[in-house]
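Okay, here's what each chain looks like letter by letter:
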Amino acid sequence: MQDNDRSAIIKIGDKEYQLILTTKATKEIAKRYGGLENLGTKLMKTENFEMALDEVVWLITLLANQSILIHNLKNQDKRELLTEETVELLTSPLELAAYKDAIMEAMFKGTKRNVESEDDLKNTPAE
């Protein structure tokens, strides 16, 4: 549980998953969105509801799989990775809307140290 300071917990089906923003996940997000700074904008401005759901499902799958990958790296008992289809089948659109907060919490925790040091340099107000 040492990752609690950089994770958010969600429940998919009857299992709890930690959403963790790792360097690996950050690279995947950057490939898809052009950088972490574009992610919030993309999520909030997605006009197509189905597309918005696809993005949230992709992010949940990516971030939840980070905790599974970390577990598999450190332990002999390997856990199966989540798939986007599994997330879609075991969640409702209402739950996905609530998970957006968990995604943002995981992102905030994962970048917290960077944001604090960058804010000192930029003197820009955080929104």
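Residues numbered from 1 in each chain as written. Predicted model: local features only at pLDDT ≥ 70, side-chain atom pairs only at ≥ 80, totals over all residues. Heavy atoms only, no water.

**Things to note about the pattern of salt bridges**
- Scanning the model with the defined rule gives three salt bridges in all.
- One salt bridge connects Lys31 with Glu28, and the closest N-O pair in it is separated by 3.3 Å. Note that Lys31 and Glu28 are positioned in helix H1 (residues 23-33) at a spacing of three residues, about one turn of the helix.
- Judged by its relative accessible area of 28%, Glu28 falls in the partly exposed class.
- With a closest N to O distance of 3.2 Å, Glu55 and Arg32 form a salt bridge. With a gap of 23 residues between them, Glu55 in helix H3 (residues 49-74) and Arg32 in helix H1 connect regions that are remote in the sequence. (Salt bridge = Lys/Arg side-chain N within 4 Å of Asp/Glu carboxyl O. Helix = DSSP H or I, 4+ residues; strand = E, 2+ residues; numbered from the N terminus. Buried < 20%, exposed > 50% of the residue type's maximum accessible area, 1.4 Å probe, protein only.)

**Considering the pairing of strand E2 (residues 15-20)**
- Pairing analysis gives six bridges linking strand E1 (residues 7-12) to E2, with the strands arranged antiparallel. Among the inter-strand pairings, Ser7 is bridged to a residue of E2, identified as Ile20.
- Hairpin connection from E1 to E2: two residues lie between these consecutive antiparallel strands, with Gly13 at a positive phi of about 65°. (Pairing = 2+ DSSP bridges.)

**Focus: the packing of aromatic side chains**
- Summed over the entire model, instances satisfying the criterion amount to one aromatic pair.
- For the pair Tyr33 and Trp58, a centre-to-centre distance of 6.0 Å together with 70° between the ring planes defines the contact as edge-to-face. With Tyr33 in helix H1 and Trp58 in helix H3, this pair connects stretches of sequence that are 25 residues apart. Of the two residues examined, Tyr33 and Trp58, each falls in the buried class.
- The lysine or arginine in question, Arg32, covers the ring of Trp58, its NZ or CZ lying 4.2 Å from the ring centre. (Phe/Tyr/Trp six-rings, centres within 6.5 Å; stacked < 30°, edge-to-face > 60°. Lys NZ or Arg CZ within 6 Å of the ring centre and 35° of its normal.)

**Quick notes on a negative patch on the surface**
- A surface patch of negative charge is lined by Asp54, Glu84, Glu85 and Glu88.
- With three residues, the top contributor of residues to the negative patch is helix H4 (residues 84-90).
- The residue Asp54 is located in helix H3 in this model.
- What makes Asp54 partly exposed here is its relative accessible area of 34%. (Patch = residues over 30% accessible without salt bridge, like charges linked within 9 Å, V, L, I, M, F, W, Y side chains within 5 Å. Areas by Shrake-Rupley, 256 points an atom, 1.4 Å probe, with all protein chains shown as cover. Lys, Arg positive; Asp, Glu negative; His and termini not counted. Charge placed at Lys NZ, Arg CZ, Asp CG, Glu CD.)

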